[in-house]
Amino acid sequence: QVQLVESGGGLVQAGASLRLSCAASGSIYSISVMGWYREAPGKPRELVASIFSDSRTNYADSVKGRFTISRDNDKNTVYLQMNSLKPEDTAIYYCHANLRRRIQTLFSDYWGQGTQVTVFS
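Now for a quick tour of the structure. (Residues numbered from 1 in each chain as written. Predicted model: local features only at pLDDT ≥ 70, side-chain atom pairs only at ≥ 80, totals over all residues. Heavy atoms only, no water.)

With respect to the overall build of the protein
- Of regular secondary structure, the protein possesses zero helices and 11 strands.
- When its helices and strands are written in sequence order, the protein yields β-β-β-β-β-β-β-β-β-β-β.
- With the C-alpha coordinates of the protein rotated into their principal frame, the extents come out at 50 × 25 × 25 Å.
- Going through the 121 residues of the protein one by one, you find that 40% of them count as buried.
- Considering only contacts within the protein whose residues lie at least 6 apart along the sequence, 56% involve residues at least 24 apart.
- Of the roughly 6,500 Å² of accessible surface on the protein, 47% is carried by carbon and sulfur atoms.
- For the protein, the separation between the mean place of its 13 positive charges and that of its 10 negative charges on side chains is 3 Å. (Helix = DSSP H or I, 4+ residues; strand = E, 2+ residues; numbered from the N terminus. Buried < 20%, exposed > 50% of the residue type's maximum accessible area, 1.4 Å probe, protein only. Contact = heavy atoms within 4.5 Å. Areas by Shrake-Rupley, 256 points an atom, 1.4 Å probe, with all protein chains shown as cover. Lys, Arg positive; Asp, Glu negative; His and termini not counted. Charge placed at Lys NZ, Arg CZ, Asp CG, Glu CD.)

Observations regarding the packing of aromatic side chains
- Under the defined criterion, the tally for this structure stands at one aromatic pair.
- The ring of Y79 carries the charged tip of R19 above its face, separated from the ring centre by 4.1 Å.
- The aromatic ring of W111 is capped on one face by R45, whose charged end is 4.8 Å from the ring centroid. (Phe/Tyr/Trp six-rings, centres within 6.5 Å; stacked < 30°, edge-to-face > 60°. Lys NZ or Arg CZ within 6 Å of the ring centre and 35° of its normal.)

Some points on the pattern of salt bridges
- Using the criterion set out here, one finds six salt bridges in the structure.
- When the shortest N-O distance is used, the salt bridge between R56 and D54 registers 2.8 Å.
- One connected set of salt bridges, linked through shared partners, spans R38, E46, R66 and D89. (Salt bridge = Lys/Arg side-chain N within 4 Å of Asp/Glu carboxyl O.)

Focus: the environment of S108
- With respect to the secondary-structure elements, S108 resides in strand β10 (residues 108-111).
- With relative accessibility at 26%, the residue S108 sits in the partly exposed group.

Looking at the pairing of strand β7 (residues 67-72)
- The alternating pattern of β7 places F67, I69 and R71 on a buried face, while none of T68, S70 and D72, on the opposite face, is buried.
- Bridge analysis of β7 against strand β8 (residues 77-82) gives six bridges, and the strand direction is antiparallel. Looking at β8, one finds that S70 is bridged to Y79.
- A loop of four residues connects β7 with β8, the two strands running antiparallel in sequence, and N76 in this loop sits at a positive phi of about 50°. (Pairing = 2+ DSSP bridges.)

Here we look at the sheet that holds strand β3 (residues 18-26)
- Within the open sheet, the four strands sit side by side as β1-β3-β8-β7. Their pairing is antiparallel. Each edge of the open sheet is held by one strand with a lone partner, namely β1 (2-7) and β7. With direction set aside, neighbouring strand axes in the sheet form an average angle of 15°. (Axes fitted to C-alpha atoms, helices over the stretch in contact; angles between N-to-C directions.)

Interpretation in functional terms is not warranted from these geometric data alone.
Printed below as a string of structure tokens:
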């Protein structure tokens with residue numbers, strides 16, 4: 001059994017900062033990529049940022065320069081530091097991991113339960 005547990009969402013004013021955390025637990029052998037996606041009402045889920053095991057990162061254009069993703073491989077944890085938040089960042093943020101369990105040979109995708117981020121102007 002693998003779980004991704006997120007924390008750090010909330011209600012903030014535009015211009016404020018939030019830090020999201022996501023810890024993966026269970027019988028994990030290896031994690032390839034971890035990341036954050038978001039889903040706003042009426043919009044499809046989109047990639048916000050991702051980070052590979054070698055620390056390579058990807059960001060959505062809309063968050064470049066404002067959000068920073070980082071990862072602690074020893075703790076199987078990924079973080080998303082969100083600065084200069086805007087109302088359009090309002091969404092449910094989902095943690096994602098592509099990982100291999102100890103009892104498997106293939107990598108699979110896992111998702112957290114989501115955490116709400118609401119930014120008001």
